[in-house]
Every structure is written in C-alpha cells, then in structure tokens.
Amino acid sequence: TQLAFIEWSPDGKCILFCTLNGEVHVYDNEGIYSHRCPIYCLDSGTEGTVAIAGIDWYIGASNSDNQVPTLCVGFENGRVQVMRSDSDDKPVLIDTQLRCTGLKWDPNGQTVAIAGMQTQAGAAADREMGVVQFYAPTGPLLRTLRVPGNNLRSIAWEGNGLRLALAVDSHIFFDSIHQRVGEITPKV
C-alpha cells in the first residue's frame, strides 16, 4: 500500500495511515490494524478512487465525551468531512468546490482552513485561483480568502492562530487573522 499521509491521534493511542487512493486505515500505537475510517463525504462508489489532500487532528481537545469535532479529512475533489473521532458515523460533510491541496485546524480548534484551487470562468479560458476557505467545526463557511499565484500548495497556522503561512508557487505569503466572536477575518 502506497501511503500519502499519516496522523497520530492527540492521545497517541492510534495512528491513521492514508493511502494514495484516499483510504484511511486506523492502527493502534503498536502498529496493529484496528479498522478503516468511514468516509461519508465522497459519492457512492468513489471511495478508494479519489486522492486524499490532507488530514489533520486538532490536538487541543481534552473533552472525553467525543462530541466536539476534532478530525478533518479532505480529498482532492474538494469533499471534506469533519469528525468527532476516527469512527464517527455522522460527520459534518463539506463540499468546498475546490481542488483541495491541504487543510489545517487552527490552534484553538475553532476553525478549519481548507486550501485549494478554484476554477474561475473567464472570457478567454478558465483559470484557477488560489483560495483558502475558513469553516466552523460544525460546517458553516466563515470566510474565503483569495490568494494570488498559480498553485497554492500548503498552509500552516502560527502557534497562536493569528497568522497563516501559505506556500504559493515559489513564494510564501503570510496572512494575519483577526478573530471576533463567531467569525474570522483574514487580512493579507
């Protein structure tokens, strides 16, 4: 099996292995297979055929009742699911309408930033534009940030959640985030 991503659970009790074809396998911390993570965000029959674009587990959750979404899995076709655990059977499903290239939880677990390329219809020809979409863990889109350049590849939150670093083409862009109650406002 060819691997695309790996992600430890915040408690270190399991590790997720993501294959190139978009499957997510769960193993315990000793390497013993446990189960396959259910994928609900993809259309029926496409699971295992769509490449995974990113996986991120919010590590700050200390809530033992597992009611807070903490795990985010995204696919290149723009479909994303936000889960309460690696076996959540009712995840939040998001269709970003992007060619997803990455995703990250903010350090406070209040926002998921999903990066990708969005097709812009133009007079001469369609072109892609870099976009970062900010979502609440319950699914609503909070804000969209358009990014100059031809290929937004990766994103990373600063430790306090007030800035994002964006890898675009051969550049790094920094985005300052201003948070107000209930919303996030990106400022380039």
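For the structure itself, look to the data block above.
Residues numbered from 1 in each chain as written. Predicted model: local features only at pLDDT ≥ 70, side-chain atom pairs only at ≥ 80, totals over all residues. Heavy atoms only, no water.

(A) Expanded view of the pattern of salt bridges. With the rule as written, the count across this model stands at six salt bridges. Here arginine 36 makes a salt bridge to glutamate 23, at a shortest N to O gap of 3.8 Å. With arginine 36 in strand S4 (residues 33-36) and glutamate 23 in the loop between strand S2 (14-19) and strand S3 (24-28), this pair connects stretches of sequence that are 13 residues apart. For glutamate 23, a relative accessible area of 18% translates into the label buried. Two residues, glutamate 158 and arginine 163, come together in a salt bridge whose shortest N-O distance is 3.3 Å. What makes glutamate 158 partly exposed here is its relative accessible area of 29%. Taking relative accessible area as the criterion, arginine 163 reaches 38% and is therefore assigned partly exposed. Salt bridges sharing partners connect three or more residues here, namely Asp43, Arg79 and Asp95. (Salt bridge = Lys/Arg side-chain N within 4 Å of Asp/Glu carboxyl O. Helix = DSSP H or I, 4+ residues; strand = E, 2+ residues; numbered from the N terminus. Buried < 20%, exposed > 50% of the residue type's maximum accessible area, 1.4 Å probe, protein only.)

(B) The arrangement of the nonpolar core in detail. Residues Leu16, Val24, Ile55, Leu71, Val73 and Phe75 are the most contacted members of the largest nonpolar core, which totals 17 residues. Looking at this core, the elements that each hand over two or more residues are S2, S3, strand S5 (52-57) and strand S6 (71-75). Apart from the residues lying within four places of it in its own chain, the contact partners of phenylalanine 75 are Gly22, Ile39, Cys41, Leu42, Val50, Ala51, Ile52, Ala53 and Cys100. The next biggest cluster of nonpolar side chains, apart from the first, holds 14 residues, and it includes Phe134, Val147, Trp157 and Leu166. (Core = buried A, V, L, I, M, F, W, Y, C linked by side-chain atoms within 4.5 Å. Contact = heavy atoms within 4.5 Å.)

(C) Summary view of the sheet that holds S5. On the basis of which strands lie adjacent, the open sheet formed by four strands has the order S5-S6-S7-S8 and antiparallel pairing. In the strand order of this sheet, the two ends are held by S5 and strand S8 (92-95), each with one partner. Mean inter-strand twist for the sheet, computed between neighbouring axes without regard to direction, equals 15 degrees. Across four bridges, S6 lies against strand S7 (residues 79-83) in antiparallel orientation. Counterpart to glycine 74 in the pairing with S7 is valine 80. (Pairing = 2+ DSSP bridges. Axes fitted to C-alpha atoms, helices over the stretch in contact; angles between N-to-C directions.)

(D) Local environment of the pairing of S7. Burial runs high along S7: five of the five residues are buried. Residues Arg79, Gln81 and Met83 line one face of S7 and the alternating positions Val80 and Val82 line the opposite face, and both faces are buried. From the end of S6 to the start of S7, which pair antiparallel, there are three residues, and glycine 78 there has a positive phi angle of about 90 degrees. Sheet topology places S7 next to S8; four bridges connect them, and they run antiparallel. Within S8, the position partnered with valine 80 by the bridge is isoleucine 94.

(E) Broad picture of unusual backbone geometry. Notably, glutamine 97 is not glycine yet its phi reads approximately 65 degrees, a positive angle. For aspartate 169, which is not glycine, the phi torsion reads 50 degrees and is therefore positive. Assignment of secondary structure puts aspartate 169 in the loop between strand S14 (163-168) and strand S15 (171-180).

(F) The sheet that holds strand S10 (residues 112-120), seen in detail. One open sheet holds the four strands; their spatial order is S9-S10-S11-S12, and the pairing between them is antiparallel. For this open sheet the edge positions go to strand S9 (99-105) and strand S12 (141-147), each flanked by a neighbour on one side alone. Averaged over all pairs of adjacent strands, the angle between strand axes in this sheet comes to 25 degrees, irrespective of strand direction. Pairing analysis gives six bridges linking strand S11 (residues 127-135) to S12, with the strands arranged antiparallel.

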